[in-house]
Each structure stands twice: as structure tokens, then as C-alpha cells.
Amino acid sequence: MGDFSSKEGLEEKLKLNKNAKVLLLIGGLFTIANALSGTFVNIYLWKSKQDFVRIGLFNFYQFLFIPIAFIIGGWLSKMKNGTLSLRIGIVLHGLFYLAILIMGLEASQYIAMLGSLMGTAAGFYWVASHTLCFDMTSRYNRDTFNSFNGMVSSLSGMLAPLASGYIITAFTNTTGYSIVFGISLGIFILIAGISI
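Residues numbered from 1 in each chain as written. Predicted model: local features only at pLDDT ≥ 70, side-chain atom pairs only at ≥ 80, totals over all residues. Heavy atoms only, no water.

**Focus: the packing of aromatic side chains**
Within the structure shown, the criterion is met by 13 aromatic pairs. Considering the side-chain rings of Trp46 and Phe52, the 4.5 Å spacing of their centres and the 25 degrees angle between planes classify their relative orientation as stacked. With a relative accessible area of 29%, Trp46 lands in the partly exposed category. Arranged with centres 5.0 Å apart and planes meeting at 85 degrees, the rings of Phe96 and Tyr97 form a pair that is edge-to-face. (Phe/Tyr/Trp six-rings, centres within 6.5 Å; stacked < 30°, edge-to-face > 60°. Buried < 20%, exposed > 50% of the residue type's maximum accessible area, 1.4 Å probe, protein only.)

Next comes the structure, spelled out in C-alpha cells:
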């Protein structure tokens, strides 16, 4: 049992170690990248082929593959460690936005592949994120970690879509979408570098 008789003893228990701070940074950047582009992927697919069925199928494949990847990522985290699953999720997110950029308005022709890729990326990332959060914090500082993480996620979730909307409307055709997806891809490359 820790020493809580002094203010210093309590503060020491509440401190986050270096790995927890890196995980917070990764989580914050991840939230920003997804908030920038995630909101507008469905709209972009609608612009390329105005078909609600395709958008529904994209989301169907995405949510179909999340639990599959979650299970595989959980097994991988147990056998190796959560960091590998986290990296796989980050790389797959980056590949998703790279694919969107390469395909352009033809992206709607590859709904099953794109939805499956995004679902797999999300499953791997989130199982690792939850596992690492538990591994890198203790019962004393987990609330501190989750508070910071929640604050960053909330701010990113509010501000990033506003920034994306401004960029998208500032350019003609789909140039704004390409810029936003490119920024997200750049952030995922940065996250991949941090996670090494």
C-alpha cells in the first residue's frame, strides 16, 4: 500500500509515467486525425456516387470487421503485447486514407475493401488502446489518464470537424477533401513514427 500520509506521496501516485504520456499523445493525435476526416468520408462517398446503398454497405463492412479485428488484436496483445496491435491499427488507418486519396472519386467502386480496411484498423487500434491504458496506468492514476484523454478527445471532436468543414468549403470540387484526407494521412504517419 502506498504512502498517502503526505501530499508528496499522493502526488507521486497520481503521476503518469513516460509511456502513459506517449499513449496520451498518440490518442490525442489519433482523435484529431479521425475527427478531421472521419466525419466527411461518408459525404465524400456520396459525392462520388449518390447512392445510399453504397454508403450503407461501407458502414456495414466497417462494423462487421471491427469485432473480428478486435478479437484478433486481443489475442495478439495477449501473445505479444498491445503495442504491436496499436501499430497495426495506426498503419491500417493510414493505408485507408492513402487508398481514398489514390482512388479519388472512384473510391465508391471499392466499398467492401474500404469498409473492411477501416473496420479492421479500428478494431486493432481500439483493443490495443484499451489494453495499453490499463497496462500503463495504475489504479491510482488511471482516472488522471482518462480525464486528460477525455478532454483531448472532446476538444478534438468539436474543433477538428469545424476546421475540416472550413477547408472543404474553401476549395472547389473535391480539392478540400483531398487536403483534409492528406492531413489525416500525415498525422497517421507521425503517430506511426511516435509509436516505434
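**Concerning the pattern of salt bridges**
One pass over the structure, following the stated rule, counts one salt bridge. Residues Arg54 and Asp51 are paired through a salt bridge, measuring 3.8 Å at the closest nitrogen-oxygen approach. The class for Asp51 is partly exposed, based on a relative accessible area of 27%. (Salt bridge = Lys/Arg side-chain N within 4 Å of Asp/Glu carboxyl O.)

**Observations concerning helix α3 (residues 52-79)**
Helical geometry: 3.6 residues make up each α-helical turn, so side chains three or four residues apart lie on a common side. Taking 1.5 Å of rise per residue, the 28 residues of α3 would be expected to cover 40 Å, and the 41 Å separating its terminal C-alpha atoms lies within 8% of that figure. For α3, the complete set of buried residues consists of Ile55, Phe58, Gln62, Ala69, Gly73, Leu76 and Ser77. The inward-facing, buried residues of α3 abut α2 (18-48), α4 (82-103) and α5 (111-136). Where α3 begins, the capping side chain belongs to Asp51, and its oxygen is found 3.0 Å from the backbone nitrogen of Val53. (Helix = DSSP H or I, 4+ residues; strand = E, 2+ residues; numbered from the N terminus. Expected span 1.5 Å × (residues − 1). Contact = heavy atoms within 4.5 Å. Polar contact = N/O pair within 3.5 Å; in protein donor to acceptor, adjacent residues only side chain to side chain.)

**A word on a nonpolar patch on the surface**
The grouping of Val53, Leu57, Phe60, Leu64, Ile68 and Ile72 at the surface amounts to a nonpolar patch, some 520 Å² of accessible area in total. For Phe60, the position within the fold is in helix α3. Residue classification places Phe60 among the partly exposed residues on the basis of a relative accessible area of 48%. (Patch = residues over 30% accessible without salt bridge, like charges linked within 9 Å, V, L, I, M, F, W, Y side chains within 5 Å. Areas by Shrake-Rupley, 256 points an atom, 1.4 Å probe, with all protein chains shown as cover.)

**What about the packing of α4 against α5?**
At their nearest, the axes of α4 and α5 sit 7 Å apart, and the two run at 150 degrees to each other. If you check the angle between α4 and α5, you find them roughly antiparallel. As for the relative orientation of α4 and α5, their crossing is left-handed in sense. Looking at side-chain class alone, the contact of α4 with α5 contains 21 nonpolar, seven polar and no charged residues. (Axes fitted to C-alpha atoms, helices over the stretch in contact; angles between N-to-C directions. Parallel < 35°, antiparallel > 145°, perpendicular 65-115°, else oblique. Left-handed = near helix turned anticlockwise from the far one by under 90°. Nonpolar A, V, L, I, M, F, W, Y, C, P; charged D, E, K, R; others polar.)

**Considerations on the side chain of Ser37**
Counting through the fold element by element, Ser37 comes out in helix α2. Given a relative accessible area of 0%, Ser37 falls into the buried group. Side-chain polar atoms of Ser37 contact the side chain of Ser184, separated by 2.5 Å.

**A few points about the packing of α4 against helix α7 (residues 175-195)**
α7 packs onto α4 with a crossing angle of 160 degrees between their chain directions and a minimal axis gap of 9 Å. Relative to α7, α4 is oriented roughly antiparallel. Considering how the two elements wind past one another, α4 and α7 form a crossing that is left-handed. Between α4 and α7, the residues in contact are Thr83, Arg87, Ile90, His93, Gly94, Tyr97, Leu98, Ile100 and Leu101 and Ser178, Phe181, Gly182, Ser184, Leu185, Phe188, Ile191, Ala192 and Ser195, respectively. Here the residues of the contact of α4 with α7 are counted per class, giving 10 nonpolar, seven polar and one charged.

**Focus: the environment of Lys78**
Considering the arrangement of structural elements, one finds Lys78 in helix α3. Note on Lys78: relative accessible area 73%, which makes it exposed. It is 23 Å that separates the C-alpha atoms of Lys78 and Leu16, two residues lying 62 residues apart in sequence.

None of the figures reported here should be taken as evidence of function without further support.
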